[in-house]
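Observations on chain architecture
Listed below are the residues making up each chain.
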Amino acid sequence: MTRGDPVLEAARLLRGRTDAVALTGAGISVESGIPAFRGWQGLWGKYDPMEYATLGAFLRSPIKVWRMLSEMVALCGDAAPNAAHRGLAELEGMGILRAVITQNVDGLHQAAGARNVIEYHGNMEALVCIACWRRYPTRQRWVDGRAPTCDCGEILKPDVVLFGEPIPWLAQERAEEEARTCGVLLVIGTSAQVSPACDIPRVAKKAGATVVEINPEETALTRTVADLHVPGTATDAVRSILIALSGGEGTPR
Ligand code: NAD
Ligand code: ZN
């Protein structure tokens, strides 16, 4: 749907609301230096997901899968939140945004000050033993270039959801509830191809929410589910929306 300037339209939809929710994906962290999985710079160009990101692959060959995971741990450890993460935290502080449902495992929403964050795919901060379920902070067991092990001798898995693993039930329940009851859903930086996260915009839309998509590219949602597409990067779009909300003018910083 096109209705004039999409940034101004997004600001108009958010102004005065207290029930907006954001669904974020890898794209929101691209400007923090963490590549997305899809797209020309994506990690999937280097690592076939079916070979590296499934539970089966991990159980068959954990050392091989840790080659990809170690890159993710290093990238997440070095990254700092960007203006989009901070902008969403600001919208939460203003009482407009109620929750962030994120598919990301990098912890950058919390680092930016967001309080109500639902981590749909877990996070990289903890490692869990696939034999005895003991958990460790990643920092404690992490040795660069090697697969970390548990005291019981088994290889540890990061506490993230691999393909073939279920979504943590509490995250799933909370996300569904937010989707069913929000007034506006901001969908930022996700290709909406990973199930079941890709169902969240449809659930929200079906329950009556307005879906605003922020993504420099079109996705499967753009012409089907999204009521409004803001075709910019996450930082530019969120900054511009905040400027418009504050009644300011001019180009985003
Ligand atoms: P994806 O890689 O499938 O898609 C990324 C999307 O972001 C694309 O649609 C792309 O057009 C868009 N994008 C690229 N740059 C952007 C920018 N600057 N601003 C806004 N949008 C931008 O990501 P996905 O849909 O989140 O699915 C990938 C899965 O991999 C997720 O489950 C996620 O958990 C995981 N993952 C996480 C991280 C992380 O934690 N930072 C990084 C890579 C992958
Ligand atoms: Zn163990």
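Above this text is the structure in question.
Throughout what follows, the structure given in this document is the object of discussion. This is a predicted model, so every value here is computed, not measured. (Residues numbered from 1 in each chain as written. Chains lettered and ligands numbered in written order. Predicted model: local features only at pLDDT ≥ 70, side-chain atom pairs only at ≥ 80, totals over all residues. Heavy atoms only, no water.)

1. Things to note about the packing of helix H1 (residues 6–14) against helix H10 (residues 234–245)
What describes two packed helices is the angle between their axes and the distance between those same axes. Two elements in contact, H1 and H10, have axes whose closest approach is 9 Å; the angle formed by their N-to-C orientations is 60 degrees. Our classification of the angle between H1 and H10 gives oblique. Judged by the twist between their axes, the crossing of H1 over H10 is right-handed. Across the interface between the two elements, Val7, Leu8, Ala10, Ala11 and Leu14 from H1 touch Ser240, Ile241, Ala244 and Leu245 from H10. Across the contact of H1 with H10, the residue classes break down as 8 nonpolar, 1 polar and no charged. (Axes fitted to C-alpha atoms, helices over the stretch in contact; angles between N-to-C directions. Helix = DSSP H or I, 4+ residues; strand = E, 2+ residues; numbered from the N terminus. Parallel < 35°, antiparallel > 145°, perpendicular 65-115°, else oblique. Left-handed = near helix turned anticlockwise from the far one by under 90°. Contact = heavy atoms within 4.5 Å. Nonpolar A, V, L, I, M, F, W, Y, C, P; charged D, E, K, R; others polar.)

2. Things to note about helix H8 (residues 169–181)
Between its terminal C-alpha atoms H8 stretches 18 Å, which fits the 18 Å expected from 13 residues at 1.5 Å a residue. Within the span of H8, buried status applies to Ala171, Ala175, Glu178 and Ala179. Buried residues of H8, viewed axially, fall in a sector of 100 degrees; they line one side. Looking at the packing, one finds that the buried side of H8 touches strand E1 (20–24), strand E2 (97–102), strand E3 (117–119) and helix H9 (200–206). (Expected span 1.5 Å × (residues − 1). Buried < 20%, exposed > 50% of the residue type's maximum accessible area, 1.4 Å probe, protein only. Arc of directions from axis to C-beta.)

3. Considering the coordination of the zinc ion (ligand 2)
Within the protein, Cys129 (SG), Cys132 (SG), Cys150 (SG) and Cys152 (SG) serve as the donor atoms for the zinc ion (ligand 2), at 2.3 Å. Between the 4 donor atoms coordinating the zinc ion (ligand 2), the angles at the centre fall across 105 to 124 degrees, so the site counts as tetrahedral. Spacing between the donor residues of the zinc ion (ligand 2) along the chain follows C-x2-C-x17-C-x1-C. Taken together, the positions of Cys132 in the loop between strand E4 (122–129) and strand E5 (135–137) and Cys152 in the loop between helix H7 (138–141) and strand E6 (156–160) put the pair 20 residues apart, joining distant regions of the chain. Relative accessible area serves as the criterion here: at 39%, Cys132 is assigned to the partly exposed category. For Cys152, a relative accessible area of 46% corresponds to the partly exposed category. (Donors = N, O, S within 2.8 Å, 3.2 Å for Na, K, Ca; no water. Tetrahedral: all angles 85-135°; square planar, octahedral: opposite > 155°, others 65-115°.)

4. Brief notes about H1
Where H1 is concerned, the buried positions are Val7, Glu9, Ala10, Ala11, Leu13 and Leu14. In this structure, the buried residues of H1 make contact with E1, strand E7 (184–188), strand E8 (210–214), strand E9 (228–230) and H10. Sitting at the head of H1, Asp5 places a side-chain oxygen 2.8 Å from the backbone nitrogen of Val7. (Polar contact = N/O pair within 3.5 Å; in protein donor to acceptor, adjacent residues only side chain to side chain.)

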